[in-house]
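Observations on the model geometry
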Amino acid sequence: MKSTPHINPQAPIAETILLPGDPLRAKFIAETYLEDVQQFNSVRNMLGFTGTYQGTPVSVMGSGMGIPSISLYAWELIHVFGCKKLIRVGTCGGMQEGVNLYDVVIGQAACSNSSFTDQYGLPGTYAPIASYRLIEAVREQAKAKGVTTHVGNILSSDVFYHADPTFNERWQKMGVLAVEMESAGLYATAAHAGVEALGIFTVSDSLVTGAETTAEERQTAFTQMMELALPLAAL
Ligand SMILES: O=P(O)(O)O[C@H]1O[C@H](CO)[C@@H](O)[C@H]1O
Ligand SMILES: O=c1cc[nH]c(=O)[nH]1
(Lines give C-alpha, C1' and ligand atoms only; values in the text may rest on other atoms or scores of the structure.)
(Ligands and ions follow the chains in the order given, each with its own letter.)
Protein backbone atom coordinates (compact mmCIF):
# COMPACT_ATOMS: atom_id res chain seq x y z
CA MET A 1 0.00 0.00 0.00
CA LYS A 2 1.25 3.54 -0.75
CA SER A 3 2.30 5.76 2.14
CA THR A 4 3.23 9.42 2.71
CA PRO A 5 5.19 11.21 5.46
CA HIS A 6 1.91 11.72 7.35
CA ILE A 7 -0.32 8.77 6.44
CA ASN A 8 0.90 5.15 6.58
CA PRO A 9 -2.28 3.18 5.87
CA GLN A 10 -2.77 -0.13 7.64
CA ALA A 11 -6.24 -0.48 6.02
CA PRO A 12 -8.02 0.95 2.94
CA ILE A 13 -9.16 4.59 2.85
CA ALA A 14 -12.68 5.27 1.48
CA GLU A 15 -13.53 7.83 -1.22
CA THR A 16 -15.57 9.77 1.35
CA ILE A 17 -13.71 10.98 4.42
CA LEU A 18 -14.88 13.00 7.41
CA LEU A 19 -12.23 15.33 8.84
CA PRO A 20 -12.70 16.59 12.40
CA GLY A 21 -9.86 18.72 13.72
CA ASP A 22 -9.52 16.53 16.81
CA PRO A 23 -8.27 12.95 16.25
CA LEU A 24 -10.22 11.84 19.34
CA ARG A 25 -13.38 13.13 17.67
CA ALA A 26 -12.45 10.90 14.71
CA LYS A 27 -12.19 7.93 17.09
CA PHE A 28 -15.55 8.83 18.65
CA ILE A 29 -17.24 8.99 15.22
CA ALA A 30 -15.75 5.65 14.16
CA GLU A 31 -16.71 3.91 17.41
CA THR A 32 -20.19 5.45 17.57
CA TYR A 33 -21.38 5.24 13.98
CA LEU A 34 -19.31 2.89 11.82
CA GLU A 35 -19.42 -0.87 11.40
CA ASP A 36 -16.48 -3.16 10.58
CA VAL A 37 -14.05 -0.44 11.71
CA GLN A 38 -10.33 -0.70 10.97
CA GLN A 39 -7.79 1.90 12.07
CA PHE A 40 -5.77 3.00 9.04
CA ASN A 41 -3.50 5.69 10.46
CA SER A 42 -1.64 6.49 13.66
CA VAL A 43 1.27 8.59 12.35
CA ARG A 44 1.68 11.58 14.74
CA ASN A 45 -1.40 10.23 16.57
CA MET A 46 -3.53 11.63 13.74
CA LEU A 47 -5.95 8.74 14.10
CA GLY A 48 -7.76 7.55 10.97
CA PHE A 49 -10.42 4.85 10.66
CA THR A 50 -12.37 3.18 7.86
CA GLY A 51 -15.66 1.35 8.24
CA THR A 52 -19.13 1.34 6.73
CA TYR A 53 -22.11 3.58 7.41
CA GLN A 54 -25.42 2.03 6.37
CA GLY A 55 -23.45 -0.26 4.08
CA THR A 56 -21.33 2.42 2.40
CA PRO A 57 -17.56 2.64 3.01
CA VAL A 58 -16.51 5.82 4.80
CA SER A 59 -13.33 6.98 6.51
CA VAL A 60 -12.78 9.48 9.29
CA MET A 61 -9.48 11.04 10.31
CA GLY A 62 -8.29 13.98 12.41
CA SER A 63 -7.10 16.96 10.37
CA GLY A 64 -5.23 18.86 13.09
CA MET A 65 -5.73 22.57 13.59
CA GLY A 66 -5.17 25.25 10.98
CA ILE A 67 -5.02 25.53 7.20
CA PRO A 68 -1.47 24.09 6.80
CA SER A 69 -2.44 20.95 8.70
CA ILE A 70 -5.77 20.16 7.02
CA SER A 71 -4.43 21.10 3.59
CA LEU A 72 -1.50 18.71 3.68
CA TYR A 73 -3.72 15.85 4.83
CA ALA A 74 -6.34 16.73 2.21
CA TRP A 75 -3.67 16.87 -0.53
CA GLU A 76 -2.34 13.42 0.38
CA LEU A 77 -5.83 11.94 0.80
CA ILE A 78 -6.85 13.21 -2.65
CA HIS A 79 -3.67 12.82 -4.70
CA VAL A 80 -2.19 9.68 -3.13
CA PHE A 81 -5.19 7.81 -1.70
CA GLY A 82 -7.98 8.80 -4.13
CA CYS A 83 -10.44 10.56 -1.79
CA LYS A 84 -13.19 12.38 -3.69
CA LYS A 85 -15.50 13.78 -0.99
CA LEU A 86 -13.85 15.52 1.98
CA ILE A 87 -16.16 16.70 4.71
CA ARG A 88 -14.87 18.71 7.63
CA VAL A 89 -16.89 18.29 10.83
CA GLY A 90 -15.63 21.01 13.12
CA THR A 91 -16.38 23.40 15.91
CA CYS A 92 -16.78 27.11 15.27
CA GLY A 93 -17.37 30.39 17.07
CA GLY A 94 -20.76 31.96 16.29
CA MET A 95 -20.36 35.51 14.97
CA GLN A 96 -23.95 36.66 14.51
CA GLU A 97 -26.94 37.04 16.79
CA GLY A 98 -29.11 33.97 16.35
CA VAL A 99 -26.14 31.68 15.68
CA ASN A 100 -26.34 30.01 19.08
CA LEU A 101 -24.40 27.33 21.01
CA TYR A 102 -24.96 23.83 19.50
CA ASP A 103 -26.45 25.25 16.26
CA VAL A 104 -25.23 23.72 13.01
CA VAL A 105 -23.49 25.97 10.48
CA ILE A 106 -22.80 24.97 6.88
CA GLY A 107 -19.84 26.77 5.33
CA GLN A 108 -21.07 27.79 1.88
CA ALA A 109 -17.86 29.78 1.36
CA ALA A 110 -14.82 30.50 3.48
CA CYS A 111 -13.15 33.91 3.80
CA SER A 112 -9.62 33.87 5.18
CA ASN A 113 -6.65 35.95 6.31
CA SER A 114 -4.37 33.12 5.14
CA SER A 115 -2.02 33.41 2.15
CA PHE A 116 -2.66 29.74 1.23
CA THR A 117 -4.30 30.42 -2.14
CA ASP A 118 -1.39 32.65 -3.28
CA GLN A 119 0.31 29.42 -4.41
CA TYR A 120 -2.10 29.20 -7.38
CA GLY A 121 -0.82 32.48 -8.82
CA LEU A 122 -4.27 33.65 -9.84
CA PRO A 123 -4.72 37.11 -11.34
CA GLY A 124 -7.15 38.09 -8.56
CA THR A 125 -8.61 36.79 -5.30
CA TYR A 126 -9.91 33.23 -5.17
CA ALA A 127 -13.17 32.66 -3.24
CA PRO A 128 -13.04 29.18 -1.66
CA ILE A 129 -16.50 27.58 -1.85
CA ALA A 130 -18.04 24.27 -0.84
CA SER A 131 -19.58 21.74 -3.21
CA TYR A 132 -23.14 22.90 -3.93
CA ARG A 133 -24.21 19.26 -4.40
CA LEU A 134 -23.07 18.45 -0.86
CA ILE A 135 -24.71 21.60 0.57
CA GLU A 136 -28.04 20.66 -1.05
CA ALA A 137 -27.80 17.09 0.22
CA VAL A 138 -27.04 18.22 3.78
CA ARG A 139 -29.91 20.68 3.73
CA GLU A 140 -32.28 17.89 2.67
CA GLN A 141 -30.94 15.67 5.48
CA ALA A 142 -31.37 18.50 7.96
CA LYS A 143 -34.96 19.18 6.88
CA ALA A 144 -35.84 15.50 7.18
CA LYS A 145 -34.30 15.34 10.67
CA GLY A 146 -35.77 18.67 11.81
CA VAL A 147 -32.33 20.19 12.40
CA THR A 148 -32.00 23.95 11.93
CA THR A 149 -28.94 24.95 9.91
CA HIS A 150 -27.35 28.30 9.12
CA VAL A 151 -25.88 28.32 5.60
CA GLY A 152 -23.49 31.08 4.57
CA ASN A 153 -20.06 32.59 4.66
CA ILE A 154 -17.59 31.56 7.34
CA LEU A 155 -14.10 32.77 8.26
CA SER A 156 -11.09 30.43 8.29
CA SER A 157 -8.68 32.38 10.46
CA ASP A 158 -4.97 31.74 10.91
CA VAL A 159 -5.19 33.41 14.32
CA PHE A 160 -7.14 32.12 17.34
CA TYR A 161 -5.99 34.79 19.84
CA HIS A 162 -5.93 37.97 17.77
CA ALA A 163 -3.93 40.99 18.95
CA ASP A 164 -6.40 43.34 17.26
CA PRO A 165 -9.68 43.40 19.26
CA THR A 166 -11.60 44.72 16.22
CA PHE A 167 -10.59 41.78 13.98
CA ASN A 168 -13.76 39.74 14.56
CA GLU A 169 -16.08 42.76 14.53
CA ARG A 170 -15.02 43.64 11.00
CA TRP A 171 -15.86 40.15 9.71
CA GLN A 172 -19.14 40.20 11.66
CA LYS A 173 -20.08 43.44 9.87
CA MET A 174 -19.71 41.56 6.55
CA GLY A 175 -22.32 39.01 7.67
CA VAL A 176 -19.85 36.18 8.30
CA LEU A 177 -21.70 33.55 10.34
CA ALA A 178 -18.89 31.86 12.21
CA VAL A 179 -15.13 31.53 12.61
CA GLU A 180 -12.99 28.39 12.43
CA MET A 181 -9.49 27.68 11.16
CA GLU A 182 -9.38 25.19 8.25
CA SER A 183 -12.10 25.25 5.61
CA ALA A 184 -10.62 27.80 3.18
CA GLY A 185 -7.56 25.55 2.77
CA LEU A 186 -9.70 22.44 2.39
CA TYR A 187 -12.02 24.04 -0.19
CA ALA A 188 -9.12 25.41 -2.25
CA THR A 189 -7.20 22.11 -2.17
CA ALA A 190 -10.32 20.23 -3.27
CA ALA A 191 -11.18 22.74 -6.01
CA HIS A 192 -7.65 22.60 -7.45
CA ALA A 193 -7.92 18.80 -7.60
CA GLY A 194 -11.50 18.78 -9.00
CA VAL A 195 -13.06 16.95 -6.04
CA GLU A 196 -15.81 17.88 -3.56
CA ALA A 197 -15.48 19.41 -0.10
CA LEU A 198 -17.81 20.75 2.57
CA GLY A 199 -17.52 22.07 6.12
CA ILE A 200 -20.27 21.37 8.68
CA PHE A 201 -19.83 22.92 12.11
CA THR A 202 -21.29 22.98 15.57
CA VAL A 203 -21.17 26.30 17.40
CA SER A 204 -18.91 25.67 20.42
CA ASP A 205 -18.83 29.30 21.62
CA SER A 206 -20.47 32.59 20.79
CA LEU A 207 -18.42 35.68 20.04
CA VAL A 208 -21.65 37.65 20.47
CA THR A 209 -22.72 36.47 23.94
CA GLY A 210 -19.48 34.94 25.28
CA ALA A 211 -21.23 31.61 25.99
CA GLU A 212 -19.06 28.50 25.55
CA THR A 213 -19.01 24.71 25.78
CA THR A 214 -16.49 22.43 27.50
CA ALA A 215 -13.49 20.60 25.94
CA GLU A 216 -15.23 17.26 26.56
CA GLU A 217 -18.36 18.40 24.72
CA ARG A 218 -16.19 19.51 21.80
CA GLN A 219 -14.83 15.95 21.54
CA THR A 220 -18.08 13.99 21.72
CA ALA A 221 -21.29 15.98 22.16
CA PHE A 222 -21.68 17.52 18.74
CA THR A 223 -23.44 14.60 17.13
CA GLN A 224 -25.91 16.42 14.85
CA MET A 225 -23.19 17.54 12.43
CA MET A 226 -21.79 13.99 12.37
CA GLU A 227 -25.22 12.54 11.61
CA LEU A 228 -25.68 15.06 8.77
CA ALA A 229 -22.24 14.33 7.30
CA LEU A 230 -22.20 10.53 7.32
CA PRO A 231 -25.08 9.95 4.82
CA LEU A 232 -23.11 12.02 2.24
CA ALA A 233 -20.97 8.90 1.72
CA ALA A 234 -23.86 7.31 -0.20
CA LEU A 235 -24.22 10.21 -2.73
O1 LIG B 1 -12.95 21.58 16.56
P2 LIG B 1 -12.07 21.69 15.35
O3 LIG B 1 -12.54 20.83 14.24
O4 LIG B 1 -10.61 21.48 15.65
O5 LIG B 1 -12.23 23.22 14.83
C6 LIG B 1 -11.97 24.41 15.53
O7 LIG B 1 -11.35 24.24 16.79
C8 LIG B 1 -9.95 24.54 16.72
C9 LIG B 1 -9.67 25.72 17.64
O10 LIG B 1 -10.02 25.43 18.94
C11 LIG B 1 -9.66 24.88 15.28
O12 LIG B 1 -9.19 23.73 14.63
C13 LIG B 1 -11.01 25.33 14.80
O14 LIG B 1 -11.21 25.29 13.42
O1 LIG C 1 -11.60 28.63 15.52
C2 LIG C 1 -12.48 28.70 16.37
C3 LIG C 1 -13.23 27.57 16.75
C4 LIG C 1 -14.20 27.69 17.70
N5 LIG C 1 -14.42 28.89 18.26
C6 LIG C 1 -13.70 29.99 17.91
O7 LIG C 1 -13.91 31.07 18.46
N8 LIG C 1 -12.75 29.86 16.98
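Everything that follows concerns the structure shown earlier in this document.
Residues numbered from 1 in each chain as written. Chains lettered and ligands numbered in written order. Predicted model: local features only at pLDDT ≥ 70, side-chain atom pairs only at ≥ 80, totals over all residues. Heavy atoms only, no water.

**Some details on the site of ligand 1**
Surveying the vicinity of ligand 1 reveals the residues G21, R25, M65, R88, G90, T91, F160, E180, M181 and E182. Here E182 contributes a side-chain N or O atom positioned 2.5 Å from an oxygen atom of ligand 1. Protein contacts shield 87% of the accessible area of ligand 1, which totals 340 Å² for the unbound molecule. With respect to the pocket detection grid, ligand 1 is positioned in the largest pocket. Looking at which element gives the most residues to the shell around ligand 1, the answer is strand 5 (residues 85-94), with three residues. Along the lines of polarity and charge, the residues of the shell around ligand 1 split into three nonpolar, three polar and four charged. (Near = heavy atom within 4 Å. Polar contact = N/O pair within 3.5 Å; in protein donor to acceptor, adjacent residues only side chain to side chain. Areas by Shrake-Rupley, 256 points an atom, 1.4 Å probe, with all protein chains shown as cover. 1 Å grid on protein atoms, 1.4 Å probe; cavity = no way out; pocket = protein on both sides within 12 Å on 5 of 7 lines; lining within 4 Å. Sits in = over half its atoms within 2 Å of the grid points. Helix = DSSP H or I, 4+ residues; strand = E, 2+ residues; numbered from the N terminus. Nonpolar A, V, L, I, M, F, W, Y, C, P; charged D, E, K, R; others polar.)

**Some remarks on the pairing of strand 5**
Sheet faces and side chains relate simply in a regular strand, where the side chains alternate between the two faces. For strand 5, the buried fraction is high: ten of the ten residues fall into the buried class. Judged from the ten bridges that link them, strand 5 and strand 9 (residues 196-206) form a sheet pairing that is parallel. Each bridged residue has a counterpart across the sheet, and for K85 the counterpart in strand 9 is E196. For strand 5 and strand 8 (residues 178-180), the ladder comprises two bridges, and the chain directions are antiparallel. Considered in strand 8, the bridge of G93 is made with V179. (Buried < 20%, exposed > 50% of the residue type's maximum accessible area, 1.4 Å probe, protein only. Pairing = 2+ DSSP bridges.)

**Thoughts on the packing of helix 2 (residues 67-79) against helix 5 (residues 183-193)**
Look at helix 2 against helix 5: their axes get within 8 Å of each other, and the N-to-C directions meet at 25°. The orientation of helix 2 with respect to helix 5, classified from their angle, is roughly parallel. In terms of crossing hand, the pair formed by helix 2 and helix 5 is right-handed. Along its contact with helix 2, which presents I67, I70, S71, A74, W75, I78 and H79, the element helix 5 presents A184, G185, L186, T189, A190 and A193. (Axes fitted to C-alpha atoms, helices over the stretch in contact; angles between N-to-C directions. Parallel < 35°, antiparallel > 145°, perpendicular 65-115°, else oblique. Left-handed = near helix turned anticlockwise from the far one by under 90°. Contact = heavy atoms within 4.5 Å.)

**Quick word on the site of ligand 2**
For ligand 2, the full set of nearby residues is T91, C92, G93, F160, V179, E180, M181, S204, D205 and L207. Separating a nitrogen atom of ligand 2 from a backbone N or O atom of G93 is a distance of 3.2 Å. The separation between a nitrogen atom of ligand 2 and a polar side-chain atom of D205 is 2.7 Å. Its free accessible area being 240 Å², ligand 2 has 86% of it covered by the protein chains. For the shell around ligand 2, the secondary structure elements donating two or more residues are strand 5, strand 8 and strand 9. Sorting elements by how many residues they give to the shell around ligand 2 places strand 5 first, with three residues.

**Focus on helix 5**
With eight of its eleven residues buried, helix 5 lies for the most part within the structure. Those residues of helix 5 that fall on the buried side of the exposure criterion are S183, A184, G185, L186, Y187, A188, T189 and A190. Phi turns positive one or two residues past the end of helix 5, at G194, with a value near 75°.

**Let's talk about unusual backbone geometry**
Of note, the phi angle at D36 is positive, near 50°, even though the residue is not glycine. With respect to the helices, strands and loops of the structure, D36 is situated in strand 2 (residues 35-41). Within the chain, Q54 stands out as a residue other than glycine whose phi angle is a positive 50°. As for its position among the elements, Q54 is in the loop between strand 3 (48-53) and strand 4 (56-61). On the accessibility criterion, Q54 (67% relative accessible area) is exposed.

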